[in-house]
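Examining the three-dimensional arrangement
Below, each chain spelled out in residue letters.
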Amino acid sequence: YWSRSPGYERRNEMKENFEHCLRMLLKHEGGFVNHPKDPGGMTNLGVTKAVYDKWIGRESTEQEMRDLTPDDVAPIYKKNYWDKVRGDDLPSGVDWCAFDWAVNSGSGRPAKAIQRAVGAKQDGAIGPMTLQAVADLDPDRIIESVYHTRQKFYEGLKTFETFGKGWTRRNKETLETALEMATKPV
């Protein structure tokens, strides 16, 4: 089936981006933190205690949170964020900016930003109509639009004064890398 479908090679290439994007994401997320002003609370490798507890179906201990490894969190990132923004179906670069923002702020925001950029209905769920509209537009335009929407979102948060410098740096780095990926796919 896949080998006869139009765009097969492109879909295959995009499916390979998850591992690359996950490595970049883990550099952004860092290790164990428990900042009192962070509404996410205890976090390791970017996974909050609440997300991890839901994933394992019970309450985790602080030590378990401290001991998380990239192999522990990879399936969480794949199912809860990459798959929700349809990373395997997005062009190289667009997948990265959507994935990184989904992890940072939930999958609905980047989905709506992409939908706004391509003129699709903004329902927060990337489906066939959004994917077609994405395919019809230059990935650079989508990436830049998502970057600006993300920055405005951050600047409107009450915790921007505390975390804004880091969020702004992360957003800018994500933009630059996404544009590179769109030009030279991974």
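What comes next concerns the included structure. (Residues numbered from 1 in each chain as written. Predicted model: local features only at pLDDT ≥ 70, side-chain atom pairs only at ≥ 80, totals over all residues. Heavy atoms only, no water.)

Re a positive patch on the surface
- Taken together, the side chains of Arg109, Lys112, Arg116 and Lys152 present a region of like positive charge at the surface.
- A total of three residues in the positive patch trace back to one element, the largest contributor, which is helix α7 (residues 108–118).
- For Lys112, the position within the fold is in helix α7.
- On the basis of relative accessible area, Lys112 is assigned to the partly exposed category, the value being 37%. (Patch = residues over 30% accessible without salt bridge, like charges linked within 9 Å, V, L, I, M, F, W, Y side chains within 5 Å. Areas by Shrake-Rupley, 256 points an atom, 1.4 Å probe, with all protein chains shown as cover. Salt bridge = Lys/Arg side-chain N within 4 Å of Asp/Glu carboxyl O. Lys, Arg positive; Asp, Glu negative; His and termini not counted. Charge placed at Lys NZ, Arg CZ, Asp CG, Glu CD. Helix = DSSP H or I, 4+ residues; strand = E, 2+ residues; numbered from the N terminus. Buried < 20%, exposed > 50% of the residue type's maximum accessible area, 1.4 Å probe, protein only.)

Considerations on the environment of Ala178
- Structurally, Ala178 can be placed in helix α10 (residues 160–183).
- For the pair Ala178 and Tyr147, spaced 31 residues apart in the sequence, the C-alpha separation amounts to 9.9 Å.
- Ignoring sequence-local partners within four residues, the contact set of Ala178 consists of Gly93, Trp96, Cys97 and Ile143. (Contact = heavy atoms within 4.5 Å.)

Topic: empty space enclosed by the protein
- Counted under the stated rule, the structure contains one cavity of 30 Å³ or more.
- Of the pockets and cavities examined, the largest cavity occupies roughly 30 Å³.
- Looking at the largest cavity, the residues that line it are Cys97, Ile143, Val146, Tyr147, Arg150, Asn171, Thr174 and Leu175.
- Secondary structure elements with two or more residues in the lining of the largest cavity: α9 (139–155) and α10.
- At four residues, the largest contribution of residues to the lining of the largest cavity is made by α9. (1 Å grid on protein atoms, 1.4 Å probe; cavity = no way out; pocket = protein on both sides within 12 Å on 5 of 7 lines; lining within 4 Å. Points joined across faces, edges and corners; volume = space filled by probe spheres on them.)

A few points about the nonpolar core
- One finds Tyr77, Leu90, Trp96, Phe99, Ile114 and Ile142 to be the most contacted residues of the largest nonpolar core, which totals 49 residues.
- Contributing elements (two or more residues each) for this core: α2 (17–29), α5 (70–82), α6 (94–105), α7, α8 (128–135), α9 and α10.
- Of all the elements, α6 adds the most residues to this core, at eight residues. (Core = buried A, V, L, I, M, F, W, Y, C linked by side-chain atoms within 4.5 Å.)

Here's the deal with the pattern of salt bridges
- What the rule picks out here adds up to ten salt bridges.
- Residue Asp53 is joined to Lys49 by a salt bridge in which the shortest nitrogen-to-oxygen separation is 2.9 Å. Placement of the pair is Asp53 and Lys49 together in helix α3 (residues 49–56), with a separation of four residues, close to one helical turn. For the pair shown, Asp53 and Lys49 are each scored as buried.
- One salt bridge in this structure joins Asp83 and Lys78, with 2.6 Å as the shortest N-O distance.
- Here the salt bridges share partners, and the residues they tie into one network are Glu29, Asp100, Arg150 and Arg170.

A word on the layout of surface pockets
- Taken as a whole, the largest pocket spans an internal volume of roughly 920 Å³.
- Lining of the largest pocket is provided by 27 residues; of these, Glu29, Asp38, Asn104, Trp167 and Arg170 occupy positions nearest its centre.
- Those elements that place two or more of their residues in the lining of the largest pocket are α2, α6, α9 and α10.
- Ranked by residues supplied to the lining of the largest pocket, first place goes to α10 with six residues.

As for the environment of Gly93
- As for its position among the elements, Gly93 is in the loop between α5 and α6.
- Assessed through its relative accessible area of 0%, Gly93 is described here as buried.
- Ignoring sequence-local partners within four residues, the contact set of Gly93 consists of Ile143, Ala178, Met181 and Ala182.

Comments concerning α8
- When we look at burial in α8, the residues that qualify are Thr130, Leu131, Ala133 and Val134. The arc that holds the buried residues of α8, viewed along the axis, is 160 degrees, so those residues lie on one side. The exposed residues of α8 that point more than 90 degrees off its buried face are Pro128, Met129 and Ala135.
- Elements that come into contact with the buried residues of α8 comprise α7 and α9. (Arc of directions from axis to C-beta.)

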